[in-house]
Structures are given as C-alpha cells and as structure tokens.
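Spelled out from the first residue to the last, the chains are:
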Protein chains: 2
Amino acid sequence: MIETESKPKYEKAYRTILDRLKSGRYQIGMRMPTEGELAGQFGISRVTIRRALDMLVKDGYVESRQGSGYRVLTLSPASDTCLTSFTDAMLRAGHEPTTRLVSLTTLPLGAKDLALLPPDLQREPVMRVTRLRAVDGVPRMVVNTFVPARLMPDAGPADFPEKGTDQSILRILGRRFGLEWSAACEDISPFVADAAVAALIGVSSGSALLRQACTAFAEDGSLVFYEDVYRTGSVSFNLSRQGRSTKA
Amino acid sequence: MIETESKPKYEKAYRTILDRLKSGRYQIGMRMPTEGELAGQFGISRVTIRRALDMLVKDGYVESRQGSGYRVLTLSPASDTCLTSFTDAMLRAGHEPTTRLVSLTTLPLGAKDLALLPPDLQREPVMRVTRLRAVDGVPRMVVNTFVPARLMPDAGPADFPEKGTDQSILRILGRRFGLEWSAACEDISPFVADAAVAALIGVSSGSALLRQACTAFAEDGSLVFYEDVYRTGSVSFNLSRQGRSTKA
DNA sequence: TTATTAAAGTTGTTCCTACAAGTCTGTTCC
DNA sequence: GGAACAGACTTGTAGGAACAACTTTAATAA
C-alpha cells in the first residue's frame, strides 16, 4: 500500500502492531512490549503510541491493566457480522471451511433481480456472486454478494478460491479488487427456507433459517457491497454499552 | 450518582455532553460548541475535551469535520441490540410501545428452569421477569429477563411500568435497581414459535421468529443480567470495520 | 525461608505547546 | 454580482512533561 505515507503516525502504528499480532509475533495471553518500548521502536511519542494501543483495546484485540501492561486477547475478535471473516473464525476454531462458487453473474441495468437490491445498486450493472459455504463438509450458508460491476472488472471464477484463508470474501474484495469500506449496516431476520436455498444447504424446505442482509459503505458514503446470507445456526456478537463507565 | 467525583474529567465531560444531547439542548444537525468553547465551559484542556468528543464520535452521536466543527448526528444511535433501548427506538420513530408484565418469579436454587441459564446464574436464586412488548397495540416480542435475585431486592410489579420511557428494562435495571453493565454478548438464532410464545405474540404456532439471547456483564466480569427475547420482524445493526482506514 | 517494604516499572490522566490541514467569513477586485 | 484571496477560526496530529495509581521486582529483616 503506497499510501501509507499519508497516514498519521498513530494509524501506521496501529496497523503495524495489528499485523504483528495477526502474524503470531505476539501470542494470545502474552504480554506485549510496554508503551515506552513501542514508542521507542516506532520513534514516536508515548501519547501517539497510546492512541494506537487504545484503538487496539477498543477493537478487542488487546487488554490493558494499569501497572501491568498490555496483553493479547485475540487475533480476531469474535463477532458474527458481515464485517468479520467467517473463514477466519472457522479456521481459528479448528474447523475446515470450504466454499463452492455457485454462480458469478453480471446483472445489467434494468435486470429484474436488481429491483430487490438497495437503491444505490439499481443505477448500474451489478456483479452477483453466489457461493455456498460449508464447514467440515457440512453446508452452512448461502451467500449472495452484490458489487457494482465497475468495481470488479474482469472478475472470473479464478478470483474466488474455495479453500483456505483466501476464500474469505472480505479478503477477495480487499486484496484482489482493492476495495475498502469503513461502515456497514446489517439486518437479521428469520427466513423460511424456500426450495432453492433448502436444496443448496441440505435442509428441508420450510426450515427456519437466519437471513443476514448487510450493506457496506466506503468512507465517502458510497455503497461498496451488499450481502445477502441465508444461514443455519445462530450469529453472535460482542457488544459494549454506550455511555460507558470507568473502571472501578 | 455520588461517584462522579471519582471519574476522570474526560468521562464526566462525555456524560454531561451526552446528557445535553439527549435532553435536546443540542438538536440533530446543529453545530455544537467548538472544542475551545467546551474546554472553557468545563474548565479542562482541549486535549481532555477532545477525548470526550472522540468518544461521542465513536459512539455515533456526533460527527466532526476538520475546520468545520462538531454536529449532532443522533440522540440515540440505531442498533438493535439488548444494550439499546427498544422503547426509546420506538418512541423516536413515532410509535407507541407498551409492555405487559406477564410474570415476576423468583427461581430458587435448584429450580429446573435454572438449568437453561448461563452457569453464572445457576449458583443462586434468580429473578425472572417475563414481559410482552407491543408496538401500537401489536405484540412484537416476548422478553424474559433473568437477574440474580440479590440484585433486585423487594422487586414487585410496581417496579415495571407498562407505558412511556420508563418501561425500558435497561432504565428499570439502571435507575430502580442501580445496576450497571459495560459489556455483553448476544446470540441471534431462528426460533420456531411454540404454543406458549405463539399465543402471547399472536402468531400461529410454528411461525419463524428470531431469538435473541443476551448476557450482560459488569466491569469486574460478573454477570448482571441475561435476556431471552422471542421476536417477530428483524434486528438491525450499525457496524464499523475493524482495522479502520483514515479519512481521505 | 518467608514476609514485608521500598523502589522501580508500567499504565492512566491531564496539561501546555506547536503546527498542519480544512473550513468559513469578510474584503477586495474585476 | 461574482470570483478570488486573505485572515480567522476550527479540528487533527504530535510532542514533552508531570503526576497519579497500580503492579512487579528486589532487597532486607525476622
């Protein structure tokens, strides 16, 4: 990423520490270098490194204890949203996720299917990626991902790996197509499996499933992708209360 | 709250500004006082007031633009979790929420129903509050709230208002019983309505509903309450991407 | 060998200062 | 009247410093 030079120092520090964390350089539970040490390593002030560390705490990767130091909590916080990688979550839990690309279709302007999408996606051709996700061989969810076709030029089946960490749609959109997003809204509702979804997932028609509809936006507010997921099981979240309280 | 003296200055500023915001002193869309003005009003430094404002931004209440100032986005960010008040959301949307207290029961140690609760709630008597929530007269959800009985001494039906803002369980637990919590985990799954829930909500048995199970914790990690919600419709979230990017 | 205490180390809070970068307002000129 | 520019104002980033509060470590005494 050539643009790292334009990022503030605390942002670069945040990313670098996060990379170290995710690469295993800091193990879960182990104490991280102190604020002073990190400030020295990055050549920045303690105030600036604290901003980066504060973000890591807020994002759930590390915990801090006054007088004791920072420890790694997790390499990937557990929240089951469209912005967290299902692939990574399954791999971390010792399962084997796989993906089957069911279809890759460009929906032209005026296509009937466009009518069901958010309005922002109805003004231009849209790429629809339909995939069946499975865990340890057992189908778990049908995922339809819609992206403005202009953001995924020359997309083909080879762009959608079916094994390993690269099968994550977040990683595909980010690395292969260079897309970035910073916010999303998600809607979860009960869904009675119709014949098509039931056949894909391997449940009987009429089964109760969950439907997750998620719209992700770029910093400038433009829509990056829309995802429609039909899944068995449940989704889980870690939440923090608004109007927080201080540690006793 | 007598303990405000022990909170850091940035925390007090955060709460005061949030109170002003929620009380309507700052209207949605209007520009708030500048950092310098607020620092002066609170008698603290610009750095400290920025910490409070930063929290308000992160929590979704205000937005800031360099050179332009801070504006109020919302008086209550829209996310449909057990930590956000359904009552407040409905009132804000111009609907009339009401609540019927179905039962208020103390489950003693060893009670069969305790077996289905989180382990932390199985070690002591638990208060179970069952309520039916409705919007504009239409039943929407059945809510079972479980709290260690010792945290709700002398609880009675009079403690659970059925109209207005005070019907919010978050407000009841907070104000009437002085409970505080700072984190929660929530799990959403599909639920096929059994006869009891179906009768309460007014749907046919076998209907697909959503089940929200939520466990809230205090700062010290102890369990404050557990909530089990069966609801029609959907839940929605606002999410921010982890590993954020800087504004262009 | 164990317990206590002091010192050292670490995070948390707060302040002041300086400057960068963006926005807004007012004035001047065409 | 509109455009351009300058100045003022505002937020954003960064550093250094000081001290509070908590934890850890080492030394000393019993």
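Residues numbered from 1 in each chain as written. Chains lettered and ligands numbered in written order. Predicted model: local features only at pLDDT ≥ 70, side-chain atom pairs only at ≥ 80, totals over all residues. Heavy atoms only, no water.

Moving on, we get to the protein's contact with DNA strand D. The full set close to DNA strand D counts 23 residues, and A:Lys9, A:Thr48, B:Glu35, B:Arg46 and B:Ser64 are the nearest of them. Between a base nitrogen of DNA strand D and a side-chain N or O atom of B:Arg46, the distance comes to 2.7 Å. When residues in the surface near DNA strand D are grouped by element, the largest group, four residues, is from helix α3 (residues 46-58) of chain A. By residue class, the composition of the surface near DNA strand D is five nonpolar, ten polar and eight charged. (Near = heavy atom within 4 Å. Polar contact = N/O pair within 3.5 Å; in protein donor to acceptor, adjacent residues only side chain to side chain. Helix = DSSP H or I, 4+ residues; strand = E, 2+ residues; numbered from the N terminus. Nonpolar A, V, L, I, M, F, W, Y, C, P; charged D, E, K, R; others polar.)

Around DNA strand C sit 22 residues, and of these A:Arg46, A:Ser64, B:Lys9, B:Thr48 and B:Gln66 come closest. Taken together, the sugar and phosphate atoms account for 71% of what DNA strand C places within 4 Å of the protein. One nitrogen or oxygen atom from the side chain of A:Arg50 is found 3.2 Å from a phosphate oxygen belonging to DNA strand C. Contact distances for DNA strand C include 2.8 Å between a phosphate oxygen and a side-chain N or O atom of B:Tyr10. Of all the secondary structure elements, the ones that give two or more residues to the surface near DNA strand C are α3, β1 (62-65) and β2 (69-72) of chain A together with α1 (9-22) and α3 (46-58) of chain B. Looking at the surface near DNA strand C, the element that brings in the most residues is α3(B), giving three residues. In terms of residue class, the surface near DNA strand C is built from five nonpolar, ten polar and seven charged.

Now for α3(A). Because an α-helix packs 3.6 residues into every turn, residues spaced three or four apart end up facing the same way. All names here are of chain A. With 13 residues, α3 should reach 18 Å at 1.5 Å per residue; the first-to-last C-alpha distance of 18 Å fits that figure. Of all the residues in α3, the buried ones are Thr48, Ile49, Ala52, Leu53, Met55 and Leu56. For α3, the angular spread of buried residues about the axis comes to 150 degrees, placing them on one side. For α3, the exposed residues set more than 90 degrees away from the buried face come down to Val47 and Lys58. Packed against the buried residues of α3 are α1 (9-22), α2 (35-42), β1 and β2. Looking one or two residues beyond α3, the residue adopting positive phi is Gly60, at roughly 90 degrees. (Expected span 1.5 Å × (residues − 1). Buried < 20%, exposed > 50% of the residue type's maximum accessible area, 1.4 Å probe, protein only. Arc of directions from axis to C-beta. Contact = heavy atoms within 4.5 Å.)

We now examine the pairing of strand β8 (residues 223-231) of chain A. Residue and element names in this part refer to chain A. The buried fraction of β8 amounts to nine of the nine residues, a majority that puts the element mostly inside the structure. With six bridges connecting them, strand β5 (residues 138-148) and β8 associate as antiparallel partners. Across the sheet, residue Phe146 finds its bridge partner in β8, namely Tyr226. Both strand β7 (residues 208-217) and β8 contribute to a ladder of eight bridges, which runs antiparallel. Within the sheet, the bridge partner assigned to Cys214 lies in β8 and is Glu227. (Pairing = 2+ DSSP bridges.)

Examined against the element boundaries, B:Pro190 turns out to sit in strand β6 (residues 183-192). Residue class for B:Pro190 comes out partly exposed when judged on its relative accessible area of 22%. Apart from residues no more than four positions distant in its own chain, B:Pro190 is found in contact with A:Ala208, A:Leu209, A:Leu210, A:Gly233 and B:Leu209.

Attention now goes to the confidence of the model for chain A. Close reading of the predicted structure is inappropriate where its pLDDT is low. Residue and element names in this part refer to chain A. Of the residues in chain A, 92% reach a pLDDT of 70 or more, and the chain-wide mean stands at 85. Put simply, strand β9 (residues 235-240) is where chain A has its lowest mean pLDDT, 72, and α2 is where it has its highest, 95. Low pLDDT, under 50, characterises residues 242-248; the stretch is placed with 23 contacts to residues that sit more than four places away or in other chains. (pLDDT = per-residue confidence, 0-100.)

Attention shifts here to α1(B). Residue and element names in this part refer to chain B. If you check α1, its first and last C-alpha atoms are 20 Å apart, about what 14 residues at 1.5 Å a residue would give, namely 20 Å. For α1, the complete set of buried residues consists of Glu11, Ala13, Tyr14, Ile17, Leu18, Arg20 and Leu21. Looking at the buried side of α1, the elements it contacts are α2 (35-42), α3, β1 (62-65) and β2 (69-72). Remark: Gly24 follows α1 within two positions and exhibits a positive phi of approximately 90 degrees.

Turning our eyes to something else, we now look at the packing of aromatic side chains. In this structure the tally under the stated criterion is four aromatic pairs over all chains. Ring plane angle 40 degrees and centroid distance 5.8 Å describe the contact between B:Phe146 and B:Tyr226, whose orientation is recorded as tilted. Linking B:Phe146 in strand β5 (residues 138-148) with B:Tyr226 in strand β8 (residues 223-231), this pair joins segments that are 80 residues apart in sequence. The pair formed by B:Phe146 and B:Tyr226 is uniform in burial state, with each residue classed as buried. Ring geometry for B:Phe191 against B:Tyr230: centres 4.3 Å apart, planes inclined by 45 degrees, an arrangement best described as tilted. Of the two residues, B:Phe191 sits in strand β6 while B:Tyr230 sits in strand β8, which places them 39 residues apart along the sequence. For B:Phe191, a relative accessible area of 16% gives the class buried. The cationic tip of A:Arg51 hangs over the ring face of A:Tyr10; the distance from NZ or CZ to the ring centre is 4.0 Å. (Phe/Tyr/Trp six-rings, centres within 6.5 Å; stacked < 30°, edge-to-face > 60°. Lys NZ or Arg CZ within 6 Å of the ring centre and 35° of its normal.)

Our focus in this paragraph is the domain arrangement of chain A. When cut into domains, chain A gives domain 1 (2-72) and domain 2 (86-231). For domain 1 of chain A versus domain 2 of chain A, the separation of C-alpha centres amounts to 32 Å. (Domains from an automatic or database assignment.)

Attention shifts here to the packing of α1(A) against α2(A). All names here are of chain A. It is at 12 Å that the axes of α1 and α2 come closest, and there the two elements cross at 110 degrees. When the axis of α1 is compared with that of α2, the two are roughly perpendicular. Residues Ala13, Thr16, Ile17 and Arg20 of α1 form the contact with α2, whose own contacting residues are Leu38, Gln41 and Phe42. Its residues assigned to classes, the contact of α1 with α2 comprises four nonpolar, two polar and one charged. (Axes fitted to C-alpha atoms, helices over the stretch in contact; angles between N-to-C directions. Parallel < 35°, antiparallel > 145°, perpendicular 65-115°, else oblique.)

Before going further, it helps to examine the pattern of salt bridges. Oppositely charged side chains can form a pair if their charged atoms are brought close together. All names here are of chain A. Taken as a whole and assessed by the stated rule, the structure comprises 18 salt bridges over all chains. Arg150 is the partner of Glu124 in a salt bridge, and the nearest nitrogen-oxygen pair spans 2.6 Å. Linking Glu124 in the loop between β3 (97-107) and β4 (126-135) with Arg150 in the loop between β5 and α5 (169-176), this pair joins segments that are 26 residues apart in sequence. Overall, Glu124 belongs to the buried group, its relative accessible area being 16%. One network of salt bridges, in which partners are shared, links Glu35, Arg46 and Arg50. (Salt bridge = Lys/Arg side-chain N within 4 Å of Asp/Glu carboxyl O.)

Right, let's get into the packing of α1(B) against α3(B). Residue and element names in this part refer to chain B. Following both chains from N to C, one finds α1 and α3 inclined at 50 degrees, their axes separated by 8 Å at the closest point. The angle between α1 and α3 places the two elements in the oblique class. Considering how the two elements wind past one another, α1 and α3 form a crossing that is right-handed. Taking contact as the criterion, the partners of Lys9, Tyr10, Glu11, Ala13, Tyr14, Ile17 and Leu18 in α1 are, on α3, Thr48, Ile49, Arg51, Ala52, Leu53, Met55 and Leu56. (Left-handed = near helix turned anticlockwise from the far one by under 90°.)

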